[in-house]
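For reference, the chains in residue letters:
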Amino acid sequence: MPELPEVEVVRRGLERWVSGRTVASVEVLHPRAVRRHLGGGEDFAARLKGHRIGVARRRGKYLWLPLDDTDASILGHLGMSGQLLVQPEGAPDEKHLRIRIRFTDSGSGSAAGAPGTELRFVDQRTFGGLSVHDNTPDGLPDVIAHIARDPLDPAFDDAAFHTALRLRRTTIKRALLDQSLISGVGNIYADEALWRSRLHYDRPTATFTRPRSYELLGHVRDVMTAALDVGGTSFDSLYVDVNGESGYFDRSLDAYGREGEPCRRCGTPIRRRPWMNRSSYYCPRCQRPPRVARRG
């Protein structure tokens, strides 16, 4: 699943090309693409038709499009392979096109007489989808009200994060991936931030001092900001922005995906270990595993 930088890149594209436009029609081409919308495909289309799209928003890995004249929003689940693409009307359909949304206007940036643009949801593996949900008083779709703020959110509370981290009584990578504690961080950026912090993924959260927590947050923000600057991380053609372009932060990764390659800091080969049905990449010299307390 895309992490915060990749989702933010998509959000920015939607803000430019979709926000402020009014929905003319909706085609649902595959029922799984709206399986999270309880009313089904016809209701999904009816809920959107005639409504104006507000400013695209994001919290962590989740993005949504408010419907300006209602108390509801379109929530996007990108899943493993979902793409929200802005394409010219009449462009050939993608092989895995699932939903098409047309608008009443041609879209910003279109020259006079040029074809308009439409929003397409494309999903090869059909794990993602779109759905309409009521908003909370804070303007979030109600199904993601439990998601914590992300570290790039100006309202993120570093002190509260440290306190909650200590109380979790877990290990640091598990905590970083807990979206109710801090959102937007996934496997890639967790490994990168931990490498920068010289922290082993199994270090207990109860051992973190306030300065150590703040230092880690700084590295999380730095690596995500650096990824945003180059369009996020794209290991294949599935992770793209609304114009179908891939990011290239994968060229700058220090730990993730570099098994056997030398650590850029000390030269020790990076190791990979199975971890919660995923993998953790780390430097065995820079990121020492926590000591196991002796019994007896």
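Everything here concerns the structure above.
Residues numbered from 1 in each chain as written. Predicted model: local features only at pLDDT ≥ 70, side-chain atom pairs only at ≥ 80, totals over all residues. Heavy atoms only, no water.

A. Quick peek at the pattern of salt bridges. If you walk through the whole model with that rule in mind, you get 24 salt bridges. A salt bridge links Arg100 to Glu118, with the shortest nitrogen-to-oxygen separation between them at 2.9 Å. Here Arg100, found in strand β6 (residues 97–103), pairs with Glu118, found in strand β7 (residues 117–123); they are 18 residues apart in sequence, far enough to count as distant. The class for Glu118 is buried, based on a relative accessible area of 1%. In this structure, the salt-bridge partner of Arg212 is Glu215, at a minimum N-O distance of 2.7 Å. With Arg212 and Glu215 both in helix α6 (residues 210–229) and three residues apart, this pair spans about one turn of that helix. (Salt bridge = Lys/Arg side-chain N within 4 Å of Asp/Glu carboxyl O. Helix = DSSP H or I, 4+ residues; strand = E, 2+ residues; numbered from the N terminus. Buried < 20%, exposed > 50% of the residue type's maximum accessible area, 1.4 Å probe, protein only.)

B. Up close: the packing of aromatic side chains. With the rule as written, the count across this model stands at three aromatic pairs. Ring centres 5.9 Å apart and planes at 45° place the aromatic pair Phe156 and Phe161 in the tilted group. Its relative accessible area of 11% is what places Phe156 among the buried residues. Classification of Phe161 as buried rests on a relative accessible area of 3%. With 5.5 Å between their ring centres and 70° between their planes, Tyr201 and Tyr282 make a pair best called edge-to-face. Here Tyr282 lies in strand β10 (residues 278–282) and Tyr201 lies in the loop between α5 (187–197) and α6, a separation of 81 residues in the sequence. Classification of Tyr201 as buried rests on a relative accessible area of 8%. One Lys or Arg, Arg203, reaches over the ring of Phe208 and ends 4.8 Å from the middle of that ring. (Phe/Tyr/Trp six-rings, centres within 6.5 Å; stacked < 30°, edge-to-face > 60°. Lys NZ or Arg CZ within 6 Å of the ring centre and 35° of its normal.)

C. Up close: the packing of α5 against α6. Packing of α5 against α6 brings their axes to within 9 Å, and their N-to-C directions diverge by 125°. With respect to α6, the axis of α5 lies oblique. α5 and α6 meet at a crossing whose hand is right-handed. Counting all contacts with α5, which are made through Tyr189, Glu192, Ala193, Leu194, Arg196 and Ser197, the residues of α6 involved are Arg212, Leu216, His219, Val220, Asp222, Val223, Met224 and Ala227. Across the contact of α5 with α6, the residue classes tally to eight nonpolar, two polar and four charged. (Axes fitted to C-alpha atoms, helices over the stretch in contact; angles between N-to-C directions. Parallel < 35°, antiparallel > 145°, perpendicular 65-115°, else oblique. Left-handed = near helix turned anticlockwise from the far one by under 90°. Contact = heavy atoms within 4.5 Å. Nonpolar A, V, L, I, M, F, W, Y, C, P; charged D, E, K, R; others polar.)

D. Broad picture of the sheet that holds strand β5 (residues 82–88). Taken in spatial order, the four strands of this open sheet run β1-β6-β7-β5, and their pairing is antiparallel. Bordering the open sheet on either side are β1 (23–28) and β5, each of which pairs with just one other strand. The mean angle between the axes of side-by-side strands here comes to 20°, regardless of whether they run parallel or antiparallel. Of the strand pairs in this sheet, β5 and β7 are connected by seven bridges, and their pairing is antiparallel. Considered in β7, the bridge of Gln87 is made with Glu118. The sheet contacts of helix α2 (residues 40–48) involve β1 and β6, and relative to β1 the element is tilted by about 165°. (Pairing = 2+ DSSP bridges.)

E. Examining the state of the cysteines more closely. Evaluated as defined, the whole model comprises zero disulfides. Cysteine Cys266 remains unbridged, with the sulfur of Cys283 as its closest cysteine sulfur at 3.5 Å. Classification of Cys266 by relative accessible area gives partly exposed; the value is 27%. Distance from the sulfur of Cys286, which forms no disulfide, to the nearest cysteine sulfur (Cys266) is 3.6 Å. Given the relative accessible area of 11%, Cys286 is considered buried. (Disulfide = S-S within 2.5 Å.)

F. Structural view of the sheet that holds strand β8 (residues 129–134). Taking strand neighbours across the sheet as the criterion, the four strands line up as β2-β3-β4-β8 in an open arrangement whose pairing is antiparallel. Each having just a single partner strand, β2 (57–59) and β8 make up the two edges of the open sheet. Within the sheet, the average angular offset between the axes of one strand and its neighbour, ignoring direction, is 30°. Across six bridges, the pairing between strand β4 (residues 72–77) and β8 is antiparallel.

G. Spatial organisation of helix α3 (residues 158–168). Among all positions of α3, only Phe161, His162 and Leu165 are buried. Considered in projection along α3, the buried side chains sweep an arc of 100° and stay on one side of the axis. In the core, the buried residues of α3 are packed alongside α4 (172–176) and α6. Its side-chain oxygen at 3.1 Å from the backbone nitrogen of Ala159, Asp157 defines the N-terminal cap of α3. (Arc of directions from axis to C-beta. Polar contact = N/O pair within 3.5 Å; in protein donor to acceptor, adjacent residues only side chain to side chain.)

H. Geometry of the side chain of Gln179. Within the secondary structure, Gln179 sits in the loop between α4 and α5. The exposure class assigned to Gln179 is buried, which follows from its relative accessible area of 13%. For Gln179, the side chain forms a polar contact with the main-chain oxygen of Val185, separated by 3.1 Å. Beyond its immediate stretch of four places on either side in the chain, Gln179 contacts Lys61, His146, Ile147, Ala148, Gly184 and Val185.

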